[in-house]
Amino acid sequence: VQLVESGGGLVQPGGSLRLSCAASGFTFSSYYMSWYRQAPGKERELVAGITSAGGSVNYAPFVKGRFTISRDNVKNTVYLQMNSLKPEDTAVYYCNAFRGVDYWGQGTQVTVSS
């Protein structure tokens, strides 16, 4: 099982980034997929989730209206489009797959700073 995140980096406040998480080694289309983040000194927190077929999404209150989660079950990839980024969005962002068991990626750093 592999989850490989990409797309992180340094961006100015108000900017945008698109994170990708490429999955392999399991039946991607059967799993609930989520993005989590962890800032230094803080606990890991849920950012957004999407059901296996993509029909339902869920967002943390602090990203609603700014972030969009989506998935492509042909490419076995889940995305997180992040707009209007704020310094407090700075964190390591992790991809998670869940169907009774959890799989995690290694994370990608997002830094929002001028």
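Residue numbers run consecutively from 1 along every chain, following the written order of its sequence. Totals for whole chains, interfaces and linings use every residue, but because this is a predicted model, local features are given only for residues with pLDDT of at least 70 and side-chain atom pairs only at 80 or more, for both listing and counting. With hydrogens and water excluded, all non-hydrogen atoms of the structure serve as input to the side-chain values.

Describe in detail the overall build of the protein chain, supporting the description with residues and values.
For the purposes of this entry, the term helix denotes a DSSP run of H or I that reaches at least four residues, the term strand denotes a run of E that reaches at least two, and both are numbered from the N terminus. The helix and strand tally for the protein chain stands at zero helices and eleven strands. Reading the helices (α) and strands (β) of the protein chain from amino to carboxyl end gives β-β-β-β-β-β-β-β-β-β-β. This radius of gyration counts C-alpha atoms alone. The globule rule is 2.2 Å times how many residues there are, raised to the power 0.38. Rg of the C-alpha trace for the protein chain: 13 Å, near the compact-globule value of 13 Å for 114 residues, within the 12% margin. Once the C-alpha set of the protein chain is aligned to its principal axes, its extents read approximately 40 × 25 × 25 Å. A 1.4 Å probe rolled over the protein chains alone gives each residue an accessible area, and that area as a share of the maximum for its type sets the label: buried under 20%, exposed over 50%, partly exposed in between. Classification of the 114 residues of the protein chain by burial places 41% in the buried group.

Could you give an account of the environment of K42, naming the residues involved and the relevant values?
In this structure, K42 sits in the loop between β4 (32–38) and β5 (45–50). The spatial distance from the C-alpha of K42 to the C-alpha of A91 is 9.5 Å, given a sequence separation of 49 residues.

Outline the environment of R99, supporting the account with residue identities and numerical values.
With respect to the element layout, R99 can be found in the loop between β9 (91–98) and β10 (102–104). Classification of R99 by relative accessible area gives exposed; the value is 55%. Sequence separation of R99 and S30 is 69 residues, and the distance between their C-alpha atoms is 7.5 Å. Two residues qualify as a contact provided that any one of their heavy atoms is within 4.5 Å of a heavy atom in the partner residue. The residues contacting R99, other than those within four sequence positions of it, are S30 and Y31.

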